[in-house]
Amino acid sequence: MTARSSKFKPSYYHCVGEEPLSALTVGQLMEITTEKWGDREAVVSVYQGHRYTFKEVLDKADRLAAALMQMGLKPGDRLGIWGPNSSEWYISRVAAARGGYIGVQIDPAYQAPELLHSLTKVEIKVIILTEFYKTHNCYEILRSLVPELDSCPESGVQIKCAKAPALTAVITMSDKQYRGAYRFNDVIASGRPESIQKIKELQTLIQPDDGCIIQFTSGTTGFPKASLASHHNLVNNAIASGKHMALHQGETRHIICPQFCHVTGSLGGILCGICYGGTIVLASPTFESRKVLAAIQQEKCTNIMGTPSLYVDLVATAKELGITLNTLKVASIGGAVCTEQLAQSMIDILGVERVCSLYGMTEIAIAIIGQDGDNLHQMTATVGRVTDHLEVKVVDEDGRIVPMGSRGELWVRGYSVTLGYWGDEKNTKEFIGPDGWAKTGDQFILQEDGYGLLVGRLKDMIIRIADNIFPVEIEQFFLGHPDILEVVVFGVPDPKVGEEICVCLRLKDGVNLKEKDIVDYCKDKVAEYRIPRYIRFVKEFQRTAMGKIIKHDLRNALIKELNL
């Protein structure tokens with residue numbers, strides 16, 4: 001081990017925080033919010049025509065929790081929620097917390113194999129599902145896994161499923177009667193007074209450290225891992241995150257673009273709204289830029305949350321339609337690095353006053369976030385500042401802290417870290433060390449002021465001969481081109497140099513560029529080894545439910561095209 005200079009400044013930061021951590025559960029937080037702002041709208045689903053106050057949500061959630069108890073659910077049992085953003089999703093999320101059930105947040109884009117994995121991995125006892133997600137009939141997907149539904153009566157019953165033996169009941173977010181399934185509103189109506197009273201009494205028994213939600217990681221190989229978060233984790237993250245998104249500065253109306261199944265939509269949307277009495281606005285079940293812009297105008301939204309790619313579409317659509325917005329104050333942005341050019345467009349075109357960067361992941365929630373008063377450079381060159389009560393450090397390959405301002409892997413320790421992967425001790429131990437440090441897998445640079453620069457995912461790093469190349473750095477370069485809207489960079493195998501660089505480009509409408517134009521743009525601006533070997537143009541990118549571009553599909557398609 002090499003000795004270090006006495007002037008060595010370790011790449012470590014601890015944000016102590018000005019306020020103590022909270023010991024509330026999500027259910028208690030909802031109760032307190034309802035006492036303060038009971039008549040304020042909690043959720044407005046524009047596309048459904050639904051408007052529910054906090055008082056109405058709490059009433060429906062307690063009735064649903066009580067009905068689930070009557071079906072046999074006990075605190076700690078897993079309740080699956082499968083569908084796009086909706087008022088029913090919001091109510092189900094609160095009901096799970098009030099009943100002490102662990103809400104399993106299932107990606108609406110899942111197909112049968114992924115859904116079966118979700119049902120069996122965490123032993124879901126009851127699933128609440130939507131009718132459709134895009135062109136998928138969700139009931140039919142479930143029915144393919146649970147053929148026993150065909151032999152059930154028309155209305156809902158307790159079921160026995162061979163493939164998912166823990167599953168006992170199916171609830172659909174629909175007025176239509178599906179064979180073997182209960183209807184959502186019928187279930188709420190069935191909650192008996194004595195059961196509702198038991199739910200209210202449960203609130204002093206459910207503990208902050210109890211499991212509250214399970215979210216599945218967005219891994220690209222194998223089945224996703226099931227990350228378990230506690231009430232303590234979620235409530236304190238909502239307190240810190242909501243404050244930095246200015247949700248504490250009076251009544252807010254927050255339009256949520258990411259899906260609730262992901263940490264950004266669930267924590268940054270539902271829980272931050274509950275924490276500060278803010279209204280959540282849902283424009284459509286899936287992201288549609290025109291509907292989002294219309295909802296902002298109709299509902300006079302003050303805040304918005306999305307990924308860079310979603311904001312690119314919102315800016316382009318607003319310019320195309322000549323729409324002027326004048327109510328937005330804060331735009332929260334996560335899932336990828338935001339360029340200064342995009343942030344300025346959001347200010348100029350969407351009328352936002354401030355862009356708030358978020359950094360996090362399923363296993364550590366929101367760990368780094370932009371601060372009030374950040375200038376545009378800080379909000380784009382960095383991903384923000386360490387969140388209250390968390391420790392972070394940047395380490396080398398051997399786990400030793402690197403000097404401040406040096407590259408390394410980001411590790412996080414504190415209340416926001418997952419309790420672990422459900423039923424997966426091996427991966428839990430690999431992710432969280434015995435000292436409590438969680439290994440993010442992100443290449444990072446930490447500054448002395450607590451701000452951080454995200455260099456890229458270690459697993460996405462392209463190794464070309466002896467050069468380590470991070471795709472995000474090349475992506476940022478191409479986003480400086482005036483005719484390019486979106487960029488995805490990745491590596492593909494090459495027998496001579498190890499990996500070659502590929503760039504996929506989405507151009508602005510009406511623009512026609514050739515591969516030679518891209519190569520010429522690179523000359524004298526970047527090192528020769530960073531010029532992509534493969535250049536592809538795409539009209540649209542396929543996205544996850546959160547709005548992230550699905551990079552591994554692009555890579556797999558190119559590998560197949562090149563016969564590698």
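Since this is a predicted model, take the numbers as computed values, not measurements. (Residues numbered from 1 in each chain as written. Predicted model: local features only at pLDDT ≥ 70, side-chain atom pairs only at ≥ 80, totals over all residues. Heavy atoms only, no water.)

Some points on the overall build of the protein
Counting secondary structure elements, the protein contains 17 helices and 29 strands. In terms of its C-alpha atoms, the protein occupies a principal-axis envelope of roughly 75 × 55 × 50 Å. In the protein, the share of contacts with a sequence separation of at least 24, taken over all contacts with a separation of at least 6, comes to 70%. Within the structure as shown, the protein displays about 23,300 Å² of accessible surface, and the carbon and sulfur contribution to it stands at 50%. A distance of 2 Å separates the average location of the 61 positive side-chain charges in the protein from that of its 67 negative side-chain charges. (Helix = DSSP H or I, 4+ residues; strand = E, 2+ residues; numbered from the N terminus. Contact = heavy atoms within 4.5 Å. Areas by Shrake-Rupley, 256 points an atom, 1.4 Å probe, with all protein chains shown as cover. Lys, Arg positive; Asp, Glu negative; His and termini not counted. Charge placed at Lys NZ, Arg CZ, Asp CG, Glu CD.)

Here we look at the packing of aromatic side chains
This structure, assessed with the given rule, holds nine aromatic pairs. An aromatic cluster is defined as three or more aromatic residues linked by ring pairs; in this entry it consists of Phe477, Phe478 and Tyr521. The ring of Tyr421 has Lys225 sitting right over it, with the charged end atom 5.3 Å from the ring centre. (Phe/Tyr/Trp six-rings, centres within 6.5 Å; stacked < 30°, edge-to-face > 60°. Lys NZ or Arg CZ within 6 Å of the ring centre and 35° of its normal.)

Topic: the sheet that holds strand 10 (residues 182-183)
Sheet strands pair via backbone hydrogen bonds, and the direction of the pair is either parallel or antiparallel. What the eight strands build is an open sheet, ordered 10-9-6-4-5-11-12-22; its pairing is mixed. Of all strands in the sheet, those bounded by a partner on one side alone are strand 10 and strand 22 (420-421). Direction of pairing for strand 12 (residues 226-230) relative to strand 22: antiparallel, over a ladder of two bridges. Bridging across to strand 22, Leu228 finds its partner in Gly420. The sheet strands contacting helix 3 (residues 87-99) are strand 4 (78-82), strand 5 (102-106), strand 6 (124-129) and strand 11 (211-216), and the helix crosses strand 4 at an angle near 170°. Against the sheet, helix 8 (residues 231-244) contacts strand 11 and strand 12, and its axis sits at roughly 70° relative to strand 12. (Pairing = 2+ DSSP bridges. Axes fitted to C-alpha atoms, helices over the stretch in contact; angles between N-to-C directions.)

Description of the pattern of salt bridges
Counted according to the given criterion, the structure contains 41 salt bridges. Between Asp77 and Lys74 there is a salt bridge, with its nearest N and O atoms 3.7 Å apart. Given a relative accessible area of 47%, Lys74 falls into the partly exposed group. When salt bridges with common partners are traced through the structure, they connect Asp313, Glu486, Arg506, Glu540 and Arg543 into a single cluster. (Salt bridge = Lys/Arg side-chain N within 4 Å of Asp/Glu carboxyl O. Buried < 20%, exposed > 50% of the residue type's maximum accessible area, 1.4 Å probe, protein only.)

Some thoughts on the sheet that holds strand 17 (residues 354-361)
Read across the sheet, nine strands follow the order 3-2-14-13-15-16-17-18-19 without closing on themselves; strand pairing throughout is mixed. This sheet does not close on itself; its edge strands, each paired only once, are strand 3 (50-53) and strand 19 (385-386). As defined by bridge partners, strand 2 (residues 41-45) adjoins strand 3 across four bridges and the pair is classed as antiparallel. From the neighbouring strand, Glu41 faces strand 3, where its bridge partner is Thr53. Taken strand by strand, helix 8 contacts strand 17 and strand 18 (365-369), and its axis lies near 30° from that of strand 18.

A short note on helix 7 (residues 193-202)
Note that an α-helix has 3.6 residues per turn; residues three or four places apart therefore point the same way. For helix 7, the full list of buried residues reads Ser195, Ile196, Ile199 and Leu202. Angular distribution of buried residues about the axis of helix 7 spans 110°; they occupy a single face of the element. At its buried positions, helix 7 is contacted by helix 2 (54-70) and helix 3. (Arc of directions from axis to C-beta.)

Regarding the packing of helix 2 against helix 7
Each pair of packed helices can be described by the angle between their axes along with the distance between the axes. At their nearest, the axes of helix 2 and helix 7 sit 8 Å apart, and the two run at 105° to each other. Our classification of the angle between helix 2 and helix 7 gives roughly perpendicular. Taking contact as the criterion, the partners of Asp62, Arg63, Ala65, Ala66, Met69 and Gln70 in helix 2 are, on helix 7, Ser195, Ile196, Lys198, Ile199, Lys200 and Leu202. (Parallel < 35°, antiparallel > 145°, perpendicular 65-115°, else oblique.)

Examining the nonpolar core
Among the nonpolar cores identified, the biggest contains 67 residues, and Val57, Leu64, Leu68, Tyr90 and Ile274 are the most heavily contacted of them. When neighbours within four sequence positions are excluded, Ile274 is seen to be in contact with Leu29, Met30, Thr33, Phe54, Tyr90 and Val94. Within the second largest apolar cluster, 32 residues are counted, among which are Val146, Ile159, Ile214 and Ala226. (Core = buried A, V, L, I, M, F, W, Y, C linked by side-chain atoms within 4.5 Å.)

Comments concerning the packing of helix 1 (residues 26-37) against helix 3
Running from amino to carboxyl end, helix 1 crosses helix 3 at an angle of 115°, the nearest separation of the two axes being 7 Å. Viewed along their axes, helix 1 and helix 3 adopt a mutual orientation that is roughly perpendicular. The segment helix 1 lies against helix 3, with Val26, Gly27, Met30 and Glu31 engaging Val94, Ala97 and Arg98. For the contact of helix 1 with helix 3, a count of residues per class yields four nonpolar, one polar and two charged. (Nonpolar A, V, L, I, M, F, W, Y, C, P; charged D, E, K, R; others polar.)

Some words on the side chain of Thr382
Position of Thr382 among the secondary structure elements: in the loop between helix 13 (376-381) and strand 19. One polar contact links the side chain of Thr382 to the main-chain amide nitrogen of Gly384, over a distance of 3.2 Å. Beyond its immediate stretch of four places on either side in the chain, Thr382 contacts Ser357, His377, Gln447, Tyr451, Gly452 and Leu453. (Polar contact = N/O pair within 3.5 Å; in protein donor to acceptor, adjacent residues only side chain to side chain.)

Some thoughts on helix 9 (residues 263-276)
Where burial is concerned, most of helix 9 is hidden: 14 out of the 14 residues are buried. Trailing helix 9 by a residue or two, Gly277 shows a phi angle of about 65°, which is positive.

Focus on the environment of Gln344
With respect to the helices and strands, the residue Gln344 is situated in helix 12 (residues 340-349). Between the alpha carbons of Gln344 and Ala67 there is a distance of 49 Å; along the sequence they are 277 residues apart.

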